[in-house]
Amino acid sequence: MQKKVLSEIDLYYGTIDMPKGFEIDRQKLQSDILSSQINNKEFPFSREWDKLSTYMREHINVEHGFQLVNKETWGNVYKPKEISIPLLNIDPVDLRNSADYTFLYGVNVKECSVRIHYDQNRRAGRSWDIPLKDNEFIMFPSTQMYYITNNQKDSLNFIQTTTYEFI
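Okay, so let's go over this structure.

Reading the values: rules and limits
- Residues numbered from 1 in each chain as written.
- Predicted model: local features only at pLDDT ≥ 70, side-chain atom pairs only at ≥ 80, totals over all residues.
- Heavy atoms only, no water.
- Pairing = 2+ DSSP bridges.
- Helix = DSSP H or I, 4+ residues; strand = E, 2+ residues; numbered from the N terminus.
- Axes fitted to C-alpha atoms, helices over the stretch in contact; angles between N-to-C directions.
- Buried < 20%, exposed > 50% of the residue type's maximum accessible area, 1.4 Å probe, protein only.
- Polar contact = N/O pair within 3.5 Å; in protein donor to acceptor, adjacent residues only side chain to side chain.
- Contact = heavy atoms within 4.5 Å.
- Salt bridge = Lys/Arg side-chain N within 4 Å of Asp/Glu carboxyl O.

## As for the sheet that holds strand β4 (residues 112-120)
Pairing between sheet strands relies on hydrogen bonds along the backbone, with the strands arranged either parallel or antiparallel.
Right, so step 1: Read across the sheet, three strands follow the order β5-β4-β7 without closing on themselves; strand pairing throughout is antiparallel. In this open sheet, the two edge strands, each paired with only one partner strand, are β5 (123-132) and β7 (146-150). Averaged over all pairs of adjacent strands, the angle between their axes in this sheet comes to 20°, without regard to strand direction.
Right, so step 2: The pairing of β4 with β7 spans five bridges and is classified as antiparallel. Paired with arginine 115 across the strands is tyrosine 147, a residue of β7.

## Describing the pairing of strand β6 (residues 136-141)
Right, so step 1: Counting buried positions along β6 yields five of six residues, so the element is predominantly enclosed.
Right, so step 2: Two elements, strand β3 (residues 101-108) and β6, share five bridges in a ladder whose sense is antiparallel. By the bridge assignment for β6, tyrosine 101 is matched with proline 141.

## Details of the side chain of serine 142
Right, so step 1: By the element assignment, serine 142 lies in the loop between β6 and β7.
Right, so step 2: Classification of serine 142 as buried rests on a relative accessible area of 0%.
Right, so step 3: Within the structure, the side chain of serine 142 is placed 2.8 Å from the side chain of threonine 102, a separation counted as a polar contact.
Right, so step 4: Those residues in contact with serine 142 that sit more than four places away from it in its chain are Leu88, Asn89, Ile90, Ala99, Asp100, Tyr101 and Thr102.

## A closer look at the pattern of salt bridges
Between side chains of opposite charge, a pair can form as their charged atoms come close.
Right, so step 1: Within the structure shown, the criterion is met by six salt bridges.
Right, so step 2: For the salt bridge of aspartate 32 with lysine 28, the shortest nitrogen-to-oxygen distance reads 2.8 Å. Here the residue aspartate 32 and the residue lysine 28 both occupy positions in helix α1 (residues 26-38), the gap between them amounting to four residues, near one helical turn.
Right, so step 3: Of the residues examined, lysine 28 reaches a relative accessible area of 36% and is grouped as partly exposed.
Right, so step 4: Notably, a salt bridge pairs glutamate 48 with lysine 51, separated by 3.2 Å at the nearest N-O pair. Linking glutamate 48 with lysine 51, this pair stays in helix α2 (residues 47-64), spanning three residues, or about one helical turn.
Right, so step 5: For lysine 51, a relative accessible area of 15% gives the class buried.

Next comes the structure, spelled out in C-alpha cells:
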C-alpha cells in the first residue's frame, strides 16, 4: 500500500529568537504602526522591520527548505475586546498575483488569539485557535481566512502583518 499527500495546510509558529545584541526593538515597530495608522500612510521601512523580515525568511529557508519574498507589510491596532472582520490576504480573482503566506507578529500584545479557518476534506468549516504573544509569530497560507481577537479589556494590541510570495 502506498500513500501520496496531494495537499496540506502548513502552519508555522513560535518565538523570534534573535541573536544577542540584534534584538528587535518592538517599541520602534509599535511607533511605526501607530504612525502609519494615524497618518493613513503605508508602513515605513525601518531597520527593525528589516531585521524581523530577514530573520523570518532566512529561518524558513534553513529550517524548512523554501524561499520567501516580501510582498506587502502593514500594522494593525486592535482595541480592547475587539474582534477583527474576517481577513483573507488573497485576491480570489487574481490568485496568480496573490500572496502565498501570511505572517503575523506580536509587537505588543496581551491576551490575543488568532482563529484560522480551514476545511479537512468533507469536514468543512473547521477552525484552530492559537494565542499570539509578544515577540511570537504565526505564519500560514494566505488562502486561509482568519480572525484576530483582543481578549482583554485594558490595552491596545499591536500586530505586524507581512505577506510573502513562495519562490
